[in-house]
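A closer look at the structure
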Amino acid sequence: MPPSSPKPPPPVGASPPLHRLLVQVGDAVAGVRAGRSLTDLLAACPPALRSGTQALGFAALRHLGGALAVRALLAPKAPPPAVDGLLLGALALLWPTGHPPPYAEHTLVNEAVTAARTRVPAAAKFVNAVLRRFLREREALVAQALQQPQALHQHPAWWIERLQQDWPGQAAALMAAANQPPPMVLRAHARRGTAATYLARLAAAGLAARAVGDPAFGGQALVLDKPVPVQALPGFADGDVSVQDLSAQRAGPLLLGGDGPGQLPALPPGARVLDACAAPGGKTAQLLERADLDLLALDADAGRLQRVQQNLDRLRLPASGGTVRLQAADARDTAAWWDGRPFDAILLDAPCTASGIVRRHPDVRWLRRPADVATLAATQGQLLDALWPLLAPGGRLLYATCSLFRAEGQAQIDAFLQRHAGSKPCLAGGSPGHLTGLPDNPDSPAAGFAGDGFFYALLHQP
């Protein structure tokens, strides 16, 4: 017989086979359950599979609570992690959402079985049996699973309880919002134009968008109708625009001050400013875009400071008239890095649970543990206590966390004010407090538009 003709190579840009993506998704789900961040897992994913794995991985993690409940019904004894990750990923992608699924149900099941044969061949029959039973009995199984809060809200039980305690009237809405894909929000470079001028550039490129946010709090924010790769944004490589959520964009105007409602007086040119936990650098860049500062950017992780420098290089910052210095150091250990010169302003974007940005990082809810809240709150308190004395007379400190938990927000600031009553710190009248991330939040930066969940407290010396 003549030799068979070789198969032609796949066309350039062709989507990878679904079963290859499902192998990666299964490994990602297993990795997250073992305590690894999805960001790190995606970095280790083959480049050709990364985009598809991210899209499916995000969808799977948003419905992992339901998948865990259903898997426990179908297979009470959890299989080995590699098999369980693949099975949970497939069940999550088959979970009814009210929206058209990304793939036909039977296609997804067939491809998941193929993925099992690739990853753990001995488990292929088991995966096939579980998934096909789920399709046959899905309505009854989902109804039974929804009796569990973890499946109903797609969050861990302890997280649900804490939100219900902190936000009794809004907890369900907060979790529902966290399960929706986030909008893509941009920040136009303040030294190169306004939101309006960049809107025109987007329109010329065929990208629909609108300006959002109160002009008094920046006026540089836009939201795209549909997310796109950053390479598709006009002038992104040249630093004309950055990706930054609307709630995060409140930081610069609050710290720098100005004429907006409740704002402190504007910092003078050359003001000495500390960005105490700077990485990855979005807020660092925003400050330098809006003012000529003498800025010190600290971060405890030297590797993450490289990301800060990359952002500054792309944005061509600092501009003439400003300076910036990056230093790896734990901000709490002031003796190791502070030169004794006081700061006019300090931005403390403190490490936190990230409970307010779960829609952007759906793995966070599954990575955190109940004890993390108290541990991180203790670190936040230590940072506040260490940095407050470094302010010049009349100086200001902006405390920020991307958290919905009150222990990392209002309760943290209440405790700080009590500890430092002798030095009489003042809470600025324009401090936003908790931004819940819901469109009807009374402190929402843009009426009808939901930014991420955040907390801000602007403290100043009398």
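Residues numbered from 1 in each chain as written. Predicted model: local features only at pLDDT ≥ 70, side-chain atom pairs only at ≥ 80, totals over all residues. Heavy atoms only, no water.

Before going further, it helps to spend a moment on the overall build of the protein chain. A tally of helices and strands in the protein chain yields 18 helices and 12 strands. Counting only C-alpha atoms, the protein chain reaches 85 × 50 × 45 Å along its principal axes. Among the 462 residues that make up the protein chain, the fraction classed as buried is 53%. In the protein chain, the share of contacts with a sequence separation of at least 24, taken over all contacts with a separation of at least 6, comes to 75%. Summed over its atoms, the accessible surface of the protein chain is roughly 20,200 Å², and 56% of this surface lies on carbon and sulfur atoms. (Helix = DSSP H or I, 4+ residues; strand = E, 2+ residues; numbered from the N terminus. Buried < 20%, exposed > 50% of the residue type's maximum accessible area, 1.4 Å probe, protein only. Contact = heavy atoms within 4.5 Å. Areas by Shrake-Rupley, 256 points an atom, 1.4 Å probe, with all protein chains shown as cover.)

Before going further, it helps to examine the side chain of His-434. Looking at the secondary structure, you find His-434 in strand S11 (residues 433-435). Engagement of the side chain of His-434 in a polar contact is seen with the backbone nitrogen of Gln-410, the distance being 3.1 Å. (Polar contact = N/O pair within 3.5 Å; in protein donor to acceptor, adjacent residues only side chain to side chain.)

Here the structure, examined in full by the defined rule, presents 19 salt bridges. Among the ionic pairs, Asp-245 bridges to Arg-359, the shortest N-O distance being 3.6 Å. On the criterion of sequence distance, the pair formed by Asp-245 in the loop between strand S4 (241-243) and helix H13 (251-256) and Arg-359 in the loop between strand S8 (343-349) and helix H16 (364-367) is long-range, its members being 114 residues apart. The two residues Asp-245 and Arg-359 agree in class, both being buried. Residue Arg-332 is joined to Asp-330 by a salt bridge in which the shortest nitrogen-to-oxygen separation is 2.9 Å. Each of Asp-245, Arg-359, Arg-360 and Asp-452 takes part in a single network of salt bridges with overlapping partners. (Salt bridge = Lys/Arg side-chain N within 4 Å of Asp/Glu carboxyl O.)

Take the side chain of His-420 next. As for its position among the elements, His-420 is in the loop between helix H18 (410-419) and strand S10 (426-427). Judged by relative accessible area, which is 15%, His-420 ranks as buried.

Let us look at the packing of helix H5 (residues 81-94) against helix H6 (residues 105-119). Packing of H5 against H6 leaves a shortest axis separation of 11 Å and a crossing angle of 170°. Classed by the angle they form, the pair H5 and H6 counts as roughly antiparallel. Residue-level contacts link Ala-82, Leu-86, Ala-90, Leu-93 and Leu-94 of H5 to Glu-105, Leu-108, Val-109, Ala-112, Ala-115, Ala-116 and Arg-119 of H6. Each residue belonging to the contact of H5 with H6 can be placed in one class, and the counts come to 10 nonpolar, no polar and two charged. (Axes fitted to C-alpha atoms, helices over the stretch in contact; angles between N-to-C directions. Parallel < 35°, antiparallel > 145°, perpendicular 65-115°, else oblique. Nonpolar A, V, L, I, M, F, W, Y, C, P; charged D, E, K, R; others polar.)

Pairing within the open sheet is antiparallel, and its four strands lie in the order S2-S3-S1-S4. With one partner strand each, in any of the chains shown, strand S2 (209-211) and S4 form the two edges of the open sheet. Taking the axes of each pair of neighbouring strands and ignoring which way they run, one obtains an average angle of 30° across the sheet. Relative to strand S3 (residues 221-224), strand S1 (residues 185-188) runs antiparallel, the two sharing three bridges. Counted as the bridge partner of Arg-187 is Ala-221 from S3. Sheet strands in contact with helix H14 (residues 282-290) are S1 and S4, and its direction is about 30° off that of S1. (Pairing = 2+ DSSP bridges.)

In this section: helix H17 (residues 370-387). Helix length check: H17 (18 residues) gives 27 Å between terminal C-alpha atoms against 26 Å at 1.5 Å per residue, within 8%. Within H17 the residues assigned to the buried category are Val-373, Leu-376, Ala-377, Thr-379, Gln-380, Gly-381, Leu-383, Leu-384, Ala-386 and Leu-387. Where H17 is buried, its residues touch helix H10 (157-166), strand S5 (271-275), S8, strand S9 (391-401), H18 and strand S12 (454-460). (Expected span 1.5 Å × (residues − 1).)

Pairing of strand S6 (residues 293-299) with strand S7 (residues 323-328) involves six bridges; the strand directions are parallel. When the sheet's bridge partners are listed, Leu-298 is paired in S7 with Gln-327. After leaving S6, the chain enters helix H15 (residues 302-315) and then returns to the sheet as S7, a path that is right-handed. (Right-handed = clockwise from strand over helix to strand, strands pointing away.)

With that settled, consider the confidence of the model for the protein chain. Of the residues in the protein chain, 95% have a pLDDT of 70 or more, and the chain-wide mean is 93. Segment residues 1-12: pLDDT under 50, and zero contacts once partners within four positions in sequence are set aside and those in other chains are kept. (pLDDT = per-residue confidence, 0-100.)

Inspection of every chain in the model, using the stated rule, returns seven aromatic pairs. The structure contains a cluster of three or more aromatic residues connected by ring pairs, namely Trp-158, Trp-159 and Phe-405. One Lys or Arg, Arg-162, reaches over the ring of Phe-405 and ends 5.6 Å from the middle of that ring. Between Arg-314 and the ring centre of Phe-236, over which it is positioned, the NZ or CZ distance is 3.9 Å. (Phe/Tyr/Trp six-rings, centres within 6.5 Å; stacked < 30°, edge-to-face > 60°. Lys NZ or Arg CZ within 6 Å of the ring centre and 35° of its normal.)

Turning next to the state of the cysteines. Disulfide: a covalent bond formed between the sulfur atoms of two cysteine residues. Applying the stated criterion across every chain yields a total of zero disulfides. Considering cysteine sulfurs only, Cys-352 is the nearest to Cys-277, which forms no disulfide, with 10 Å between them. Accessibility expressed as a relative area gives 16% for Cys-277, which makes it buried. (Disulfide = S-S within 2.5 Å.)

As a further point, take the environment of Thr-118. Looking at the element boundaries, Thr-118 is found in helix H6. Sequence separation between Thr-118 and His-19 is 99 residues; the distance between their C-alpha atoms is 8.6 Å. Not counting the four nearest positions on each side in its chain, Thr-118 is found in contact with His-19 and Val-23.

The next thing to look at is helix H12 (residues 195-204). Turning to H12, its buried residues are Ala-195, Tyr-198 and Leu-202. End-on, the buried residues of H12 take up no more than an arc of 65°, which puts them together on one face. Away from its buried face by more than 90 degrees, H12 exposes Ala-196, Ala-203 and Ala-204. Trailing H12 by a residue or two, Gly-206 shows a phi angle of about 80°, which is positive. (Arc of directions from axis to C-beta.)

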